[in-house]
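Here is how the chains run, residue by residue.
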Amino acid sequence: IHAYYGVAAMALTLVGLVSLGDVLLPFQVLMLVSAVYGLLYTLQKAYQGDPNAKLLSEAFAFVSLTAIHDAATQLGILPWREMVSHYASLVFLVYLGILVKNRAGDSLTRHYHMIHELETTGFLQEKILPQKVFSTDHLQLEIFSRSAEAAGGDFFAYYPNVTNRFDLHIGN
């Protein structure tokens with residue numbers, strides 16, 4: 001909602017229908033409401049143990065405090081020294097950068113674990129395939145299997161029986 005208000009307020013200010021001072025306070029109140037809502041949501045996720053939500057809740061807390069400071073300054077509750085919300089933007093961007101780095105690291109870790117599991121599965125699949133060549137006076141069975149990936153879904157096995165024949169099992 002505050003994004004729509006911001007666009008409309010800028011347009012009305014540029015056209016000259018309202019002054020910047022008239023639109024600033026409502027925009028800050030809307031930002032404050034959004035910040036509080038975001039903070040409550042991330043605090044709920046942080047309470048559930050999400051480390052990224054903990055990081056984001058710290059950033060939201062800082063943004064909320066600076067928004068309260070600027071709103072109080074605008075209302076005349078605090079003396080005018082300096083608006084500090086631009087510092088909050090910088091800090092919030094730094095926190096977001098850390099969050100993106102953490103999420104990328106988590107994704108890479110999951111990817112490496114998945115590759116390791118596939119390689120282990122491929123190794124085990126290779127080991128359970130028959131290793132000896134089967135041959136009779138009339139037949140020699142050669143063994144070859146290659147997966148397109150680290151692990152495949154193909155399986156074969158053969159079992160010689162007492163009548164000098166063999167059973168061949170192929171699975172895909």
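Here the structure is shown first, and the text comes after it.
Keep in mind that what you see is a predicted model, and the values were worked out from it rather than measured.

### Let's talk about the overall build of the chain
Next up, step 1: If you tally the helices and strands in the chain, you get 4 helices and 4 strands.
Next up, step 2: Beginning at the N terminus, the succession of helices and strands in the chain can be written as α-α-α-α-β-β-β-β.
Next up, step 3: Relative to its length of 172 residues, the chain is extended, with a C-alpha radius of gyration of 33 Å against a globular reference of 16 Å.
Next up, step 4: Its C-alpha atoms give the chain principal-axis dimensions of about 100 × 35 × 20 Å.

### Notes on a nonpolar patch on the surface
Next up, step 1: On the surface, Leu-12, Val-15 and Leu-17 cluster together into a nonpolar patch covering about 310 Å² of accessible area.
Next up, step 2: Of note, Val-15 is situated in helix α1 (residues 2–15).

### Looking at the environment of Leu-56
Next up, step 1: Assignment of secondary structure puts Leu-56 in helix α3 (residues 51–75).
Next up, step 2: Taking the C-alpha atoms as reference, Leu-56 lies 21 Å from Leu-108; in sequence the two are 52 residues apart.
Next up, step 3: Leaving out residues up to four positions away in the same chain, Leu-56 has contacts with Thr-42, Phe-92, Leu-96 and Leu-99.

### Notes on the nonpolar core
Next up, step 1: Ranked by size, the top nonpolar core spans 5 residues in total: Leu-39, Leu-55, Leu-56, Phe-60 and Leu-99.
Next up, step 2: In terms of residue count, α3 provides more of this core than any other element does, 3 residues in total.
Next up, step 3: Setting aside chain neighbours within four positions, we find Leu-39 in contact with Ser-57, Phe-60, Ala-61 and Ser-64.

### Points about the packing of helix α2 (residues 20–47) against α3
Next up, step 1: Relative to each other, α2 and α3 sit at 155 degrees, their axes nearing to 8 Å. Considering their axes alone, α2 and α3 lie roughly antiparallel with respect to each other. Our pair here, α2 against α3, has a crossing hand that is left-handed.

### Digging into α2
Next up, step 1: End to end, α2 covers 40 Å across 28 residues, agreeing with the expected 40 Å (1.5 Å per residue, within 8%).
Next up, step 2: For α2, the set of buried residues is Val-23, Gln-28, Ala-35, Gly-38, Leu-39, Thr-42 and Ala-46.
Next up, step 3: Phi turns positive one or two residues past the end of α2, at Gly-49, with a value near 105 degrees.

### Concerning the packing of α3 against helix α4 (residues 85–128)
Next up, step 1: Where α3 meets α4, the axes come as close as 9 Å, and the angle between the chain directions of the two elements is 170 degrees. Judged by the inter-axis angle, α3 sits roughly antiparallel to α4. Packed against α3, whose contacting residues are Asn-52, Leu-55, Leu-56, Glu-58, Ala-59, Phe-60, Phe-62, Val-63, Thr-66 and Asp-70, the element α4 presents Ser-85, Tyr-87, Ala-88, Val-91, Phe-92, Tyr-95, Leu-96, Ile-98, Leu-99, Asn-102, Arg-103 and Asp-106 at the interface.
Next up, step 2: When the residues that make up the contact of α3 with α4 are grouped by side-chain class, the tally is 14 nonpolar, 4 polar and 4 charged.

Calculation criteria
- Residues numbered from 1 in each chain as written.
- Predicted model: local features only at pLDDT ≥ 70, side-chain atom pairs only at ≥ 80, totals over all residues.
- Heavy atoms only, no water.
- Helix = DSSP H or I, 4+ residues; strand = E, 2+ residues; numbered from the N terminus.
- Rg over C-alpha atoms; globule rule 2.2 N^0.38 Å.
- Patch = residues over 30% accessible without salt bridge, like charges linked within 9 Å, V, L, I, M, F, W, Y side chains within 5 Å.
- Areas by Shrake-Rupley, 256 points an atom, 1.4 Å probe, with all protein chains shown as cover.
- Salt bridge = Lys/Arg side-chain N within 4 Å of Asp/Glu carboxyl O.
- Contact = heavy atoms within 4.5 Å.
- Core = buried A, V, L, I, M, F, W, Y, C linked by side-chain atoms within 4.5 Å.
- Buried < 20%, exposed > 50% of the residue type's maximum accessible area, 1.4 Å probe, protein only.
- Axes fitted to C-alpha atoms, helices over the stretch in contact; angles between N-to-C directions.
- Parallel < 35°, antiparallel > 145°, perpendicular 65-115°, else oblique.
- Left-handed = near helix turned anticlockwise from the far one by under 90°.
- Expected span 1.5 Å × (residues − 1).
- Nonpolar A, V, L, I, M, F, W, Y, C, P; charged D, E, K, R; others polar.

By themselves these figures say nothing about function.
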